[in-house]
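# Notes for the structure review
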Amino acid sequence: MSWEEFNAEKVRSAEAYALRHLDSVMLHFFEDCVNCGLCEINCPYTAAGEEYGPVEKAEPLRKIYRRHAQIVPKLFPWLFGAGAPKSKEELDKWVEKAYRCTNCGLCYTTCPFGIHSGEMIKVLRGYLAKSGRIPTLLKLMVDAEASNTLLENAGLRGIWEDAVSKLKEEGVEFNKKNAKYLYITSLAEVMMTPGSVFGAVKLFKKLNLDWTMPDKPLSMRAPIGSLAGDDEATAIVARRIYDYIREINPEYVVLSDGGYPYTFFRFDLPRIIGEKPTFKVVHVVELVEEALKQGKLKFKKAAGKVTWHSPCKMGRFGGLLEEPVRVLSEASSDFVKLKSHGSFGKCCGGGSSIACIVPPTQQMMEKVMGTSIPISGTEKAFLDKLYKDMLVAGKAKVDEIRESGASVVVTSCVGCMHTLSMTTQAYGVNVKLKMLSEFLSENLE
Ligand code: SF4
Ligand code: SF4
């Protein structure tokens, strides 16, 4: 179904997807909001419009649930606005709301009742995917990743093969069974932030680890289907990744991307596979901090003011809030925290696939892949507005960076790096952006 179409039957039948996700936790998110508005203050997208507050964005899913889970709305749906969208315009409005959420978790952290609107919006995306609404570029990546055909594109293959040949020159041993550490990167990390990958490799070598990595990308990033709400594609990629890890049989899976791959490997993968993992998941920063404690590593103090942008996934969700701060304080002479930090650190504004579908990214992907991405007029208008709103949503973070006076912003998420490069440029803030492993490797003694 194209972006221009509206298939009422498909839209209604997608309700089965939303209902499958109605467990006790979702029921709490659905029923217990008292409309206090506290979550709105922190949501990055409220700045782009009141209709993008967390509760408003989760409302379409509540409409579906009301239709099935509450007796009176079930009997009189028209009185409660319950049920599926009735027109293309209404469906388009729902998509617009669902793609104004980065799943950053700030609403959840702020809500006195622990309501995670981001999780509801994630289910809403799945509902919309079943209704035929996934942005085209996202769909292309989801399908290529699920069918394991990413490297059939000459542009993407060239990027990966070039990286592999440079890594071979560095002496990397690929696919080594029973290595203690398995480093998992992705095609996106190699393409967008290669310094992160080569920086991690330099750190592993310095630490003299017994480690290996795959010679083929296991995914575009983590399963990108999880961002689009495509559970089937996500399960296929998760199985492929899990089988590969089991074959290598490491004690640890190491990541340098602390964005959504981090929560995927730690929390989602075991749940999707339904097995207790035989490996632990660590971020490079944990290895570095341990080595610093043991005196195995030393840094030169980098000159200039340096700050840290905490990716929501590794920080707020994964709890790695202070480790990067401690390590960066060792590796720089003037480290400064941003105004919002720790659990309440502001989101960059581009997570959950937003930065990867906005027009500048699309143009970049067309160049890399040597092909044009077919977008209809309605979808183009949707993406243009999304880009404008993303810049508004990202402004609070850019303001904090400007106020900090830092000349270098370090982060550890491919998506945050990409978003910050667009937002800092848009607001004329001239800072160097560095991935954590890259920054640390450059300042090794
Ligand atoms: S998860 Fe983040 S972006 Fe999504 S609704 Fe909550 S605060 Fe807003
Ligand atoms: S903070 Fe919680 S209770 Fe208050 S409006 Fe937001 S979701 Fe509802």
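Now for a description of the structure that goes with this document. Each chain carries its own residue numbering, running from 1 in the direction its sequence is written. By the order in which they are written, chains take letters starting at A while ligands take numbers starting at 1. Only residues with pLDDT of 70 or above have their local features reported here, since the model is predicted, and side-chain atom pairs are shown and tallied only from 80 upward, although totals for entire chains, interfaces and linings are computed over all residues. Working from all heavy atoms in the structure, the side-chain values ignore hydrogens and water.

### With respect to the nonpolar core
Core analysis: the biggest nonpolar cluster contains 128 residues, and Tyr 127, Met 220, Ile 245, Phe 265, Leu 269, Phe 439 and Leu 440 have the highest contact counts within it. The biggest single contributor to this core is helix 16 (residues 231–248), with 8 residues. Contacts: residue pairs with any heavy atoms within 4.5 Å of one another. Those residues in contact with Leu 440 that lie beyond four places of it in its chain are Leu 203, Val 288, Phe 299, Val 327, Leu 328 and Ala 331. Remark: nonpolar core denotes a set of buried residues (Ala, Val, Leu, Ile, Met, Phe, Trp, Tyr, Cys) joined through side-chain atoms within 4.5 Å. Burial classification: accessible surface area is computed with a 1.4 Å probe over protein chains only, and a residue below 20% of its type maximum counts as buried, one above 50% as exposed, and the rest as partly exposed. Core analysis: the second largest hydrophobic core is formed by 14 residues, Val 414, Val 429, Leu 433 and Met 435 among them. Only DSSP runs of H or I with at least four residues qualify as helices, and only runs of E with at least two residues qualify as strands; both kinds are numbered from the N terminus onward.

### Concerning the side chain of Asp 92
Within the fold, Asp 92 resides in helix 8 (residues 88–98). A residue is classified by how much of its surface remains accessible, and Asp 92, at 16% relative accessible area, is buried. Polar contacts, as counted here, are pairs of nitrogen or oxygen atoms within 3.5 Å of one another; within protein the pair requires one atom able to donate a hydrogen and one able to accept it, and residues that are adjacent in sequence qualify only if both atoms are side-chain atoms. Within polar-contact distance, the side chain of Asp 92 engages the side chain of Arg 133 at 3.2 Å. Sequence-distant contacts of Asp 92, defined by excluding residues within four places in its chain, comprise Trp 3, Arg 133 and Thr 378.

### Considerations on the site of ligand 2
Any residue with a heavy atom positioned within 4 Å of a molecule or strand is treated as near that molecule or strand. In the vicinity of ligand 2, the residues found are Cys 33, Val 34, Asn 35, Cys 36, Gly 37, Leu 38, Cys 39, Val 55, Cys 111, Pro 112, Phe 113 and Ile 115. Three classes are used, and their members are as follows: Ala, Val, Leu, Ile, Met, Phe, Trp, Tyr, Cys and Pro are nonpolar, Asp, Glu, Lys and Arg are charged, and the others, Gly among them, are polar. For the shell around ligand 2, the per-class residue count stands at 10 nonpolar, 2 polar and no charged.

### Observations concerning the sheet that holds strand 7 (residues 408–411)
Sheet architecture is open: 4 strands sit in the order 6-5-7-8, paired in parallel fashion. At either margin of the open sheet sits one strand with a lone partner, and together these are strand 6 (332–336) and strand 8 (432–435). Going across the sheet, the axis of each strand differs from the next one's by a mean of 35 degrees, ignoring polarity. In this sheet, strand 7 lies alongside strand 5 (residues 302–308) in parallel orientation, the contact comprising 3 bridges. In the strand pairing of strand 7, Val 306 is matched with Val 408. For helices, the fitted line uses only the C-alpha atoms of the stretch in contact; every axis is such a line through C-alpha atoms, and the angle between N-to-C directions lies from 0 to 180 degrees. Packed on one face of the sheet, helix 24 (residues 414–426) meets strand 7 and strand 8 and runs near 175 degrees to strand 8. Whether two strands pair comes down to DSSP finding at least two bridges between them.

### Considering the pattern of salt bridges
Once the charged atoms of two side chains with opposite charge are near each other, the side chains can pair. Any Lys or Arg side-chain nitrogen found within 4 Å of a carboxyl oxygen on Asp or Glu counts as a salt bridge. Under the definition given, this model contains 25 salt bridges. With a closest N to O distance of 2.8 Å, Lys 380 and Asp 384 form a salt bridge. Taken together, the positions of Lys 380 and Asp 384, both in helix 23 (residues 377–404) and 4 residues apart, correspond to about one turn of that helix. Lys 380 sits in the partly exposed class, given a relative accessible area of 47%. Overall, Asp 384 belongs to the partly exposed group, its relative accessible area being 31%. Salt bridges sharing common partners tie together Lys 93, Glu 96, Arg 100, Lys 385 and Asp 389.

### Some words on the site of ligand 1
Around ligand 1, a shell composed of 13 residues is seen, among which Cys 43, Cys 101, Thr 102, Cys 104 and Cys 107 lie nearest. Only helix 5 (54–69), helix 9 (106–110) and helix 10 (117–130) provide two or more residues apiece to the shell around ligand 1. Grouping the amino acids of the shell around ligand 1 by side-chain chemistry returns 8 nonpolar, 4 polar and 1 charged.

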